[in-house]
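What follows is each chain in one-letter form.
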Amino acid sequence: MIPAASFSGKRVSLFGLGGSGIATARALIEGGADVLGWDDNPDSVAKAAGQGIATADLRGADWAKFSAFVLSPGVPLTHPKPHWTVELARGAGVEAIGDIELFCRERIARAPTAPFIAITGTNGKSTTTALTAHILKSADRDTQMGGNIGRAIMTLDPPQADRHYVVECSSYQIDLAPSINPTAGILLNLTPDHLDRHGTMQHYASIKERLVAGSETAIVGVDDSWCAQIADRLERAGRQVIRISKRLPLTDGYFADGSNLMEAVHGRYSRVAFLEGIGSLRGQHNAQNALAAVASCLKVGLSLGEIQAGLESFPGLAHRMEQVGRKDHVLFVNDSKATNADAAAPALSSFPRIYWIAGGLPKEGGIEPLRGFFPRIAKAYLIGEAAPAFSATLGEAVPYEISGTLAAAVDHAANDAAKDDSGEVVVLLSPACASFDQFKNFEVRGEAFRQAANAIEGVKPIGGAR
């Protein structure tokens, strides 16, 4: 735990008593703050009270006595309208912050030189975070990973000069972190997302920009116009900017040339790393993730040899194009985190011949946006509520069966793939759907796929598979 000593002796209100909220409250209390917490869920209030956290309905609190208001990132700050606690805080002139901000203040107070890599973007931030942390750990650096991935940030070990922090940041968290100041700030990409919470694309982009604007070095993917404009704006403001591109050669920065990761300095190119043969980093989207990891790890002092070794040993992110097993020429890949069509596209673009397991609780738009990948699909195995709609979209373009359950789909896909003599093929779970019709969440669905695949006679689990 990181005691939030910057609020020692001060009274702090807190709303949102889920897992990260309770962790934040405990960090504040450990640091000497007087905390008053609340949540709209009575069960969460009871759980917090059971852990010694003072609770009371903040509608009746004396807000003039609070030095700060800590808000869960899942609670609306601005759109569609501010939460009632936010309005009370603003009325009393009390700043609203989140746990990322608490971490930033503690780092500055305790160990301002502690390497801090912060990652954001619409897509790819979890993989980039996990990859960057893996490279650092494999190079024997003291590494802490958390934020929007894995552990709540205030449950990490306290800042020390040689302790490296790799933190995934959502737009909600950045919005509550006015002094965020990473050593290397990464902005991967921007596409319309969470506009119900941010109102406009311009506002969403401006929030994401804060992370790189406050960084010592801004690492920005420039393959979309929003990020390209941000990179230009930061450079004009005198910030240190490193551009990365998965598609285009750059004059300065890092870019992908097939499986080679290149550095450009005034138009002169040199290879800094390669992805050839690294199954966990297949696809153009993973080239971008790797470029960001390479740039940030170089920034904090790793050698190219250490970085390449880390890339080659990366097992992949669980449930995101996770290689779970192999039998002869058949590879089994768990992409359960692909809960809509856009999220399924990277996996479908990464393999030439696919036995595709798809379906679940359908999202708006279905799989029509994936039509361009249909020629790669040898056969589809449809499950869950979406099966009838997906079969109608596939029509005569792709052979399919309605398998109904995931277990049946894995069994049938594995049998069909084993008979395919066209070279390496993949049995791919990339559902393009939510899981809630048959599973509690995408993690449970992915684990069920992993177990079913590895239960097939002759399948050898892949080393990185959980």
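The preceding data block contains the structure.
Anyway, here's the lowdown on the structure attached to this text. (Residues numbered from 1 in each chain as written. Predicted model: local features only at pLDDT ≥ 70, side-chain atom pairs only at ≥ 80, totals over all residues. Heavy atoms only, no water.)

1. With respect to the overall build of the protein
Then, number 1: When you go through the protein residue by residue, the secondary structure sums to 15 helices and 20 strands.
Then, number 2: What you see for the protein is a C-alpha radius of gyration of 23 Å, in line with the 23 Å of a compact globule of 466 residues.
Then, number 3: Projected onto its principal axes, the C-alpha positions of the protein cover 70 × 55 × 40 Å.
Then, number 4: Here the protein, with 466 residues, has 55% of them falling under the buried criterion. (Helix = DSSP H or I, 4+ residues; strand = E, 2+ residues; numbered from the N terminus. Rg over C-alpha atoms; globule rule 2.2 N^0.38 Å. Buried < 20%, exposed > 50% of the residue type's maximum accessible area, 1.4 Å probe, protein only.)

2. Here we look at the environment of Lys-327
Then, number 1: Examined against the element boundaries, Lys-327 turns out to sit in strand 14 (residues 322-327).
Then, number 2: Residues Lys-327 and Asn-454, 127 residues apart in the sequence, show an inter-C-alpha distance of 9.5 Å.

3. Re the sheet that holds strand 14
Then, number 1: Across the sheet, seven strands lie side by side as 18-17-16-19-15-14-20; this open sheet has mixed pairing. Here the strands that pair on one side only, and so sit at the sheet edges, are strand 18 (400-404) and strand 20 (460-461).
Then, number 2: The pairing of strand 15 (residues 330-334) with strand 19 (residues 425-429) spans five bridges and is parallel. Looking at strand 19, one finds that Asn-334 is bridged to Leu-429. (Pairing = 2+ DSSP bridges.)

4. Some thoughts on the pattern of salt bridges
Then, number 1: Summed over all chains, the structure comprises 22 salt bridges.
Then, number 2: Here Glu-95 makes a salt bridge to Arg-105, at a shortest N to O gap of 3.1 Å. Residue Glu-95 is located in the loop between helix 3 (84-91) and strand 4 (96-97), and its partner Arg-105 is located in helix 4 (residues 99-110); the two are separated by ten residues in the primary sequence.
Then, number 3: One salt bridge connects Asp-416 with Lys-379, and the closest N-O pair in it is separated by 3.4 Å. Placement of Asp-416 in helix 14 (residues 406-418) and of Lys-379 in strand 17 (residues 377-383) is noted, with a sequence separation of 37 residues between them.
Then, number 4: Within the structure, one salt-bridge network assembled from shared partners comprises Glu-95, Glu-101 and Arg-105. (Salt bridge = Lys/Arg side-chain N within 4 Å of Asp/Glu carboxyl O.)

5. A closer look at helix 12 (residues 341-350)
Then, number 1: Most of helix 12 sits inside the fold, with eight of its ten residues counted as buried.
Then, number 2: When we look at burial in helix 12, the residues that qualify are Ala-341, Ala-343, Ala-344, Ala-345, Pro-346, Ala-347, Leu-348 and Ser-350.
Then, number 3: On the buried face of helix 12, the contacting elements are helix 10 (284-299), strand 16 (354-359) and strand 19.
Then, number 4: Capping the start of helix 12 is the job of one residue whose side-chain oxygen sits 3.2 Å from the backbone nitrogen of Asp-342: Asn-340. (Contact = heavy atoms within 4.5 Å. Polar contact = N/O pair within 3.5 Å; in protein donor to acceptor, adjacent residues only side chain to side chain.)

6. Observations regarding the sheet that holds strand 10 (residues 240-245)
Then, number 1: Taken together, nine strands build an open sheet; the order of strands is 6-7-5-8-9-10-11-12-13 and the sheet is mixed. The strands lining the two open edges of the sheet, one partner per strand, are strand 6 (142-147) and strand 13 (268-274). Recorded for the sheet is a direction-independent mean angle of 20° between the axes of neighbouring strands.
Then, number 2: As paired elements, strand 6 and strand 7 (residues 163-168) share six bridges and run parallel to each other. Residue pairing for strand 7: Thr-143 is matched across the bridge by His-164. (Axes fitted to C-alpha atoms, helices over the stretch in contact; angles between N-to-C directions.)

7. Observations regarding the layout of surface pockets
Then, number 1: As a volume, the second largest pocket reaches approximately 220 Å³.
Then, number 2: Lining the second largest pocket are 16 residues, with Gly-258, Ser-259, Leu-275, Leu-281 and Gly-283 sitting closest to its centre.
Then, number 3: Residue composition of the lining of the second largest pocket, by class: five nonpolar, six polar and five charged. (1 Å grid on protein atoms, 1.4 Å probe; cavity = no way out; pocket = protein on both sides within 12 Å on 5 of 7 lines; lining within 4 Å. Points joined across faces, edges and corners; volume = space filled by probe spheres on them. Nonpolar A, V, L, I, M, F, W, Y, C, P; charged D, E, K, R; others polar.)

8. Here we look at the packing of aromatic side chains
Then, number 1: Counted by the stated rule, this structure contains six aromatic pairs.
Then, number 2: Summarising the aromatic geometry, the rings of Trp-63 and Phe-66 are spaced 5.2 Å apart at their centres and angled 80° between planes, so their arrangement reads as edge-to-face.
Then, number 3: Judged by relative accessible area, Phe-66 falls into the buried class, the value being 6%.
Then, number 4: When the centroid spacing of 5.3 Å and the interplanar angle of 75° are considered together, the rings of Trp-63 and Phe-69 count as edge-to-face. We note that Trp-63, like Phe-69, is buried.
Then, number 5: Following the ring pairs from residue to residue traces out a cluster consisting of Trp-63, Phe-66 and Phe-69. (Phe/Tyr/Trp six-rings, centres within 6.5 Å; stacked < 30°, edge-to-face > 60°.)

9. Some remarks on unusual backbone geometry
Then, number 1: Geometrically, the link from His-79 to Pro-80 is a cis peptide bond, its omega value of -5° lying close to zero.
Then, number 2: Position of Pro-80 among the secondary structure elements: in the loop between strand 3 (68-71) and helix 3.
Then, number 3: For Ala-432, which is not a glycine, the phi torsion comes out positive at approximately 55°.
Then, number 4: When you line up the elements, Ala-432 lands in the loop between strand 19 and helix 15 (442-454).

10. A closer look at the nonpolar core
Then, number 1: Counting residues in each nonpolar core, the largest one holds 70 residues, and the members touching the most others are Leu-28, Leu-58 and Phe-69.
Then, number 2: Top contributing element to this core by residue count: helix 8 (residues 201-213), with six residues.
Then, number 3: Setting aside anything within four residues of it in sequence, one finds Leu-28 in contact with Ala-4, Phe-7, Val-12, Leu-14, Ala-33, Val-35, Val-70 and Leu-102.
Then, number 4: By size, the runner-up hydrophobic cluster in this structure holds 38 residues, among which are Ala-133, Ile-219, Ile-244 and Leu-291. (Core = buried A, V, L, I, M, F, W, Y, C linked by side-chain atoms within 4.5 Å.)

11. Section: the side chain of Thr-143
Then, number 1: Of note, Thr-143 is situated in strand 6.
Then, number 2: There is a polar contact of 2.9 Å between the side chain of Thr-143 and the backbone oxygen of Arg-141.
Then, number 3: Excluding anything up to four places from it in sequence, Thr-143 contacts Ala-133, Leu-136, Lys-137, His-164 and Val-166.

12. Topic: helix 3
Then, number 1: The complete set of buried residues in helix 3 reads Trp-84, Thr-85, Val-86 and Ala-89.
Then, number 2: Of the surrounding elements, those touching the buried residues of helix 3 are strand 1 (11-15), strand 2 (34-38) and strand 3.
Then, number 3: Backbone geometry just downstream of helix 3 places Gly-93 in the positive-phi region, at approximately 70°.

13. What to know about the pairing of strand 17
In regular strands, side chains alternate between the two faces of the sheet.
Then, number 1: Burial analysis of strand 17 places six of its seven residues in the buried class, the great majority of the element.
Then, number 2: In the sheet, strand 16 pairs with strand 17 via six bridges, with the strands oriented parallel. Looking across to strand 17, one finds that Ala-358 is bridged to Leu-382.
Then, number 3: Looking at chain direction, strand 17 and strand 18 are connected through four bridges and run parallel.

All we've got here are geometric facts, nothing functional implied.
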